[in-house]
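Chain by chain, the residues:
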Amino acid sequence: QVQLVESGGGLVQPGGSLRLSCAASGMIFSINAMGWYRQAPGEQRDLVARITSGGSTNYADAVKGRFTISRDNAKNTVYLQMNSLKPEDTAVYYCKVDGRVLTMDVFTSWGQGTQVTVSS
């Protein structure tokens, strides 16, 4: 019922920047929290950043001061601006969206994942 399409991943050198986007579409009535998670090989999927419908944000300690999450409610889109990237930021990044569909049922949807590789 709700689809997420991610874009913006790629290969970047240490110290570089990338901007990820995640657009939600479908039978959406409202969106609550939007977030980004990441999963490195052999590791669990961890929260990177999250933003509520009211604009409150929280970040993983490892990315504070370097990453910024934002959202465009008119476009049902969440962004992750990643600056000063480090090799340890290398992972598959997934967006996650929570909300309600037109029938008022709650939903949680995950994006397909986008690879971010930080390497020289």
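Just so you know, these numbers come straight off a predicted model, no measurement behind them.

1. Some remarks on the nonpolar core
- Of all hydrophobic cores here, the largest spans 29 residues; its most connected members are Trp36, Val48, Phe67, Val78, Leu80, Met82 and Tyr93.
- For this core, the elements supplying multiple residues, two or more each, are strand S1 (2–7), strand S3 (18–26), strand S4 (28–39), strand S5 (46–51), strand S7 (67–72), strand S8 (77–82), strand S9 (91–101) and strand S11 (114–118).
- Looking at which element gives the most residues to this core, the answer is S9, with five residues.
- In this structure, Leu80 is in contact with Leu18, Arg19, Leu20, Trp36, Val48, Ala49, Phe67, Thr68, Ile69 and Tyr93, ignoring residues within four places of it in sequence.

2. So, the packing of aromatic side chains
- Enumeration over the complete set of coordinates arrives at one aromatic pair.
- Sitting over the ring of Tyr79, Arg19 keeps its end group 4.1 Å from the ring centre.
- Positioned above the aromatic ring of Tyr94 is the side chain of Arg45, whose terminal nitrogen or guanidinium carbon lies 3.6 Å from the ring centre.

3. Things to note about the state of the cysteines
- With the rule as written, the count across this model stands at one disulfide.
- Note that Cys22 is cross-linked by a disulfide to Cys95, the S-S spacing being 2.0 Å. Its torsion about the S-S bond being 50°, the disulfide of Cys22 and Cys95 is classed as right-handed. Of this pair, Cys22 sits in strand S3 while Cys95 sits in strand S9, placing them 73 residues apart in sequence.
- According to the relative accessible area criterion, Cys95 is buried, its value standing at 0%.

4. With respect to the sheet that holds S1
- Strand order across the open sheet formed by four strands is S1-S3-S8-S7, with antiparallel pairing between neighbours. For this open sheet the edge positions go to S1 and S7, each flanked by a neighbour on one side alone. Taking each pair of neighbouring strands and ignoring which way they run, the sheet shows an average axis angle of 15°.
- As judged from the six bridges shared by S1 and S3, these two strands associate in the antiparallel manner. What sits directly across from Val2, in S3, is Gly26.

5. A short note on the pairing of S3
- Across six bridges, the pairing between S3 and S8 is antiparallel. Its bridge partner lying in S8, Ala23 is registered against Thr77.

Conventions adopted
Residues numbered from 1 in each chain as written. Predicted model: local features only at pLDDT ≥ 70, side-chain atom pairs only at ≥ 80, totals over all residues. Heavy atoms only, no water. Core = buried A, V, L, I, M, F, W, Y, C linked by side-chain atoms within 4.5 Å. Buried < 20%, exposed > 50% of the residue type's maximum accessible area, 1.4 Å probe, protein only. Helix = DSSP H or I, 4+ residues; strand = E, 2+ residues; numbered from the N terminus. Contact = heavy atoms within 4.5 Å. Phe/Tyr/Trp six-rings, centres within 6.5 Å; stacked < 30°, edge-to-face > 60°. Lys NZ or Arg CZ within 6 Å of the ring centre and 35° of its normal. Disulfide = S-S within 2.5 Å. Pairing = 2+ DSSP bridges. Axes fitted to C-alpha atoms, helices over the stretch in contact; angles between N-to-C directions.

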